[in-house]
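Single-letter residue listing:
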2 protein chains.
Amino acid sequence: MSSNVPIAHGDLTAPTPQNTPLTQAPIAAGLSRPTVPDISEDNEPAEDESDEIPPMTGAQAVMMGLVQGRLADLVGKSSGYIESLSNDVKKSVEALKGVQVKQNELQNQYKRECLELEKKYLELQKPLYERRNAIISGAGQATEEEIEAGTQASLKDDPDYTPLPKDAESTPAAIPEFWLTALRNHIGLSEIITERDAGALKSLTDIRLSYLPSDSPKPGFKITFVFSPNDFFENEILDKTYLYQEEVGYSGDFVYDRAIGTDIKWKEEKDLTKEFEIKKQRNKNTNRTRLVRKARPTESFFNFFSPPSPPAEDIDVEIDEEELEELEEKLEMDYQIGEDLKEKIIPRAIDYFTGKALEYEGMDEDDDDFDELDEDDEDGQFDDEDSDSEVELPRRRGPPKGRGGSSAAAVNPEECKQQ
Amino acid sequence: MSSNVPIAHGDLTAPTPQNTPLTQAPIAAGLSRPTVPDISEDNEPAEDESDEIPPMTGAQAVMMGLVQGRLADLVGKSSGYIESLSNDVKKSVEALKGVQVKQNELQNQYKRECLELEKKYLELQKPLYERRNAIISGAGQATEEEIEAGTQASLKDDPDYTPLPKDAESTPAAIPEFWLTALRNHIGLSEIITERDAGALKSLTDIRLSYLPSDSPKPGFKITFVFSPNDFFENEILDKTYLYQEEVGYSGDFVYDRAIGTDIKWKEEKDLTKEFEIKKQRNKNTNRTRLVRKARPTESFFNFFSPPSPPAEDIDVEIDEEELEELEEKLEMDYQIGEDLKEKIIPRAIDYFTGKALEYEGMDEDDDDFDELDEDDEDGQFDDEDSDSEVELPRRRGPPKGRGGSSAAAVNPEECKQQ
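Keep in mind the model is a prediction, meaning the values are calculated, not measured. (Residues numbered from 1 in each chain as written. Chains lettered and ligands numbered in written order. Predicted model: local features only at pLDDT ≥ 70, side-chain atom pairs only at ≥ 80, totals over all residues. Heavy atoms only, no water.)

J.: For this particular structure, what's the right way to read the overall build of chain A?
T.: Secondary structure summary: chain A contains 11 helices and 6 strands in total. In chain A, which comprises 419 residues, the share counted as buried stands at 58%. Considering only residue pairs separated by 6 or more positions, chain A has 67% of its internal contacts joining residues 24 or more positions apart. Total accessible area on chain A stands at roughly 17,500 Å², and carbon and sulfur atoms take up 47% of it. (Helix = DSSP H or I, 4+ residues; strand = E, 2+ residues; numbered from the N terminus. Buried < 20%, exposed > 50% of the residue type's maximum accessible area, 1.4 Å probe, protein only. Contact = heavy atoms within 4.5 Å. Areas by Shrake-Rupley, 256 points an atom, 1.4 Å probe, with all protein chains shown as cover.)

J.: Which parts of the structure should I look at to understand the sheet that holds strand β3 (residues 237-244) of chain B?
T.: Remark on secondary structure: sheet strands pair via backbone hydrogen bonds, oriented parallel or antiparallel. Residues and elements named next belong to chain B. Here we have 4 strands laid out as an open sheet, ordered β1-β2-β3-β4, and antiparallel in their pairing. Strands with a single pairing partner mark the edges of an open sheet, and in this sheet they are β1 (204-211) and β4 (256-261). Direction aside, neighbouring strands of the sheet carry axes that sit 15° apart on average. With 7 bridges connecting them, β1 and strand β2 (residues 220-227) associate as antiparallel partners. Note that in β2 the partner of S210 across the bridge is K222. Set on the sheet, helix α2 (residues 87-137) makes contact with β1 and β3; between it and β1 the angle comes to about 160°. (Pairing = 2+ DSSP bridges. Axes fitted to C-alpha atoms, helices over the stretch in contact; angles between N-to-C directions.)

J.: I'm lost on the pairing of β2 of chain B in this one. Help?
T.: The side chains of a regular strand alternate between both faces of the sheet. Residues and elements named next belong to chain B. Of all 8 residues making up β2, 7 are buried, and the element is well covered by its neighbours. As paired elements, β2 and β3 share 7 bridges and run antiparallel to each other. Bridging across to β3, T224 finds its partner in D239.

J.: Honestly, the pairing of strand β6 (residues 289-297) of chain A in this entry has me stumped. Any pointers?
T.: All names here are of chain A. Across 9 bridges, strand β5 (residues 274-282) lies against β6 in antiparallel orientation. Looking at the pairing, K279 lines up with V292 of β6. As consecutive antiparallel partners, β5 and β6 are separated by 6 residues, and within that stretch N287 has a phi angle of approximately 65°, a positive value.

J.: Before we go on, may I ask you to explain the packing of helix α2 (residues 87-137) of chain A against helix α3 (residues 144-157) of chain B in this structure?
T.: Helix packing for two helices is described by the angle between their axes and how far apart those axes are. Relative orientation of the contacting elements α2 of chain A and α3 of chain B amounts to 80°, with a least axis distance of 6 Å. In this view, α2 of chain A runs roughly perpendicular relative to α3 of chain B, as classed from their interaxial angle. For the pair α2 of chain A and α3 of chain B, the contacting residues are K91, E94, A95, K97, G98, V99 and V101 of chain A in the first and E146, I147, A149, G150, T151, A153 and S154 of chain B in the second. Considered class by class, the residues forming the contact of α2 of chain A with α3 of chain B number 6 nonpolar, 4 polar and 4 charged. (Parallel < 35°, antiparallel > 145°, perpendicular 65-115°, else oblique. Nonpolar A, V, L, I, M, F, W, Y, C, P; charged D, E, K, R; others polar.)

J.: Explain the sheet that holds strand β1 (residues 204-211) of chain A to me, please; I cannot follow it from the model alone.
T.: All names here are of chain A. In spatial order, the strands read β1-β2-β3-β4; together these 4 strands make up an open sheet with antiparallel pairing. The open sheet is flanked by β1 and β4 (256-261), the only strands paired with a single partner. Between one strand and the next, the sheet's axes are offset by a mean angle of 15°, whatever the strand orientation. Direction of pairing for strand β3 (residues 237-244) relative to β4: antiparallel, over a ladder of 5 bridges. Bridge pairing in β4 links Y244 to Y256.

J.: What is the right way to read the confidence of the model for chain A from this model?
T.: Do not read the predicted coordinates in detail wherever pLDDT is low. All names here are of chain A. Of the residues in chain A, 66% reach a pLDDT of 70 or more, and the chain-wide mean stands at 73. Across chain A, the element-wise mean pLDDT spans from 28 in helix α11 (residues 406-409) up to 98 in β1. Confidence drops under a pLDDT of 50 for residues 1-32, and excluding neighbours within four residues, the segment shows 137 contacts in the predicted structure. Between residues 362-419, whose pLDDT stays under 50, and residues either more than four places distant or in other chains, the model counts 206 contacts. (pLDDT = per-residue confidence, 0-100.)

J.: How do you make sense of the packing of aromatic side chains when you look at a structure like this?
T.: Two descriptors summarise a pair of aromatic rings, namely the distance from one centre to the other and the angle between the planes of the rings. Summed over all chains, the structure comprises 48 aromatic pairs over all chains. Seen in terms of ring centroids, Y256 of chain B and Y335 of chain B are 4.3 Å apart; in terms of plane orientation they differ by 10°. Their pairing is stacked. Taken together, the positions of Y256 of chain B in strand β4 and Y335 of chain B in helix α7 (residues 321-345) put the pair 79 residues apart, joining distant regions of the chain. Each residue in the set F225, F227, F233, W266, F301, F302, F304 and F305 of chain A is aromatic and connected to the rest through ring pairs, giving one cluster. Sitting above the plane of the F221 of chain B ring, K342 of chain B keeps its charged end 5.1 Å from the centroid. (Phe/Tyr/Trp six-rings, centres within 6.5 Å; stacked < 30°, edge-to-face > 60°. Lys NZ or Arg CZ within 6 Å of the ring centre and 35° of its normal.)

J.: Can you walk me through the environment of P165 of chain B in this structure?
T.: Its location among the elements puts P165 of chain B in the loop between α3 and α4 (178-184). Each residue touching P165 of chain B, except ones within four places of it in the same chain, is listed here: N87 and K91 of chain A.

Below, the structure is given as structure tokens:
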């Protein structure tokens, strides 16, 4: 029943009518998750939302680079196979395309039902989320049973774990900076949370997930950040809503439409998304100078609530290719953080708080495997970028896609598997 | 509402109690899909199936290499933050771990229900799959409506598409080599289907998906290959069954347990998974030589039905680290092909037949992005391997993981999104 013959690394068979792809395509592309609509210029505008081509992630792009040489001899040849078929057979092929349209409709319906199932389980999780929040805030007393279950879980992870001493009695005790700590143990978020942000995020008391109502025009979800009163802004709630397009994409997954964030009501001079600088101004008439305080945008976690807008599809504005790429990267990063909050941080916040979640993020690789790419890394591609030392506004391109820029690095779950 | 400030590429903040990860972890790792259990030696044996660490895909590994340098200064430091908390707060933390156990149980239940939803929609798709099969085999006549719907779909993809001429009448017409053509338009499969295999795969008349019954000990699915009588083997059906472990893994996704394939009853001298060679043998006593026909394993698509067995966890057999890695690669490739058949080829066979599916596999990247890695490629890592020229049995390592070996290249959907 078992075999020692590797089936994975066979010879690349010679091009034949059957195996000659109509276009170059690596097997690297197999990701299925809510996708980012493709906005790069050289693609034809999609006729229909459901025809959006899911863009490659950075990881896929790297893979593609690696296989491109191998497939070079197969690229761009039309097989001519279908053209060679008789008219009756061509009709059968055409009919199969017609049947596929119905299959795709069912797939769309399936994804909608997946979303309903997600909602159902969110409701089932809610009492547990509320209990979690009560313990974090100190409003609720940890029970013996909960502590015992937690100890058992810790012992399962680490047999040498030392259980807490059993006191006669314990008092409710809030966990300070729980959510700030959890967020900072997510590598992507740790990079965008500045020290200034941390001051405000200490007041973050809960992060909640909800879904848009089933009858809303576009499906989607909302991440709600709950704050206690703080010195930085008036809002008690900051929301980020992610909308999917109505139709699933070609791969059978939802495609992100856009994200919407709460307008933050910053208190006087407390806007963390701005840096202020003093500039001299000279009055042309009087020739007298005065000092003026100027605000300029700066990096901050709170820019998360002012997400980039996808370019309008119907308006034919001339946009620079590089700007489009930059926008696409920013959108991808924005969607990725939303996904991670929804899929990982909210469901397993305690594991982010303790750092356990990080241990499960694929650490079983040999360091040896990376020697060459590590050297690659030393070209300074990933040096820290210090915005303060730049004269320009901090608007610059990240590492090119496909080279491992952080915006493209994390790839993530899809809604529900297509069938 | 929109902002020009890139939030993605901020400075890496200095290590603090909050942001210092307990272990190195790249943001690259965010994949969620049925995972391959980790079998490499230097990991502690999992105490429980649900604690399996999902292994990194090749893509993640590449990303990890790229970010490693950047995170180097954060690696391996314990934050000491949790240790510094008071005993009462530690109890709250412990209680949260206890609450998380219940959340994980719900997640497990959720995934089971996702699987039931998949089954429900497979049933809904069945009449369409049967209709598809009737058209492919020529048993059914393509209707005007189907042809028209197909033409509309083609025109949506390509406004310049030329519809078929409308004859007065058409006759049912089977599509020759439909499934062979579809399989060979999947890049991963095209690499393992040899010319010899193609002879047998011409008799492949259908590929079907089914699920294991809900009351079976392990959940899973089955891919059924239906053949017409052929010169190669007696079986009319070749099955490949994939089993998931009972408990979902840490990421909230099913973890593959193992795969089982049909024993192929090869006709005399027709075994495509073997190559025969003539060897001279000398009789030690008589000193006379004779010619002996020896079989040795060779690469073939049909090895897909003799999948590698994961090593038994409870038996402490000494296994070479390199052998384990090789086994892990082969398992990953085997699971990947099963996933792709289930998720992509069966649901959209017509698109693989025409090649349309390939156009959607992430082709929107600039070639320029790959210059450096293309050069990398030229070190011969991805040269075709020619088994015939080797004296050894064709048992060798593929490209190392994390460098884009085909076994690790394709990353794929998960069952159902966790919530």
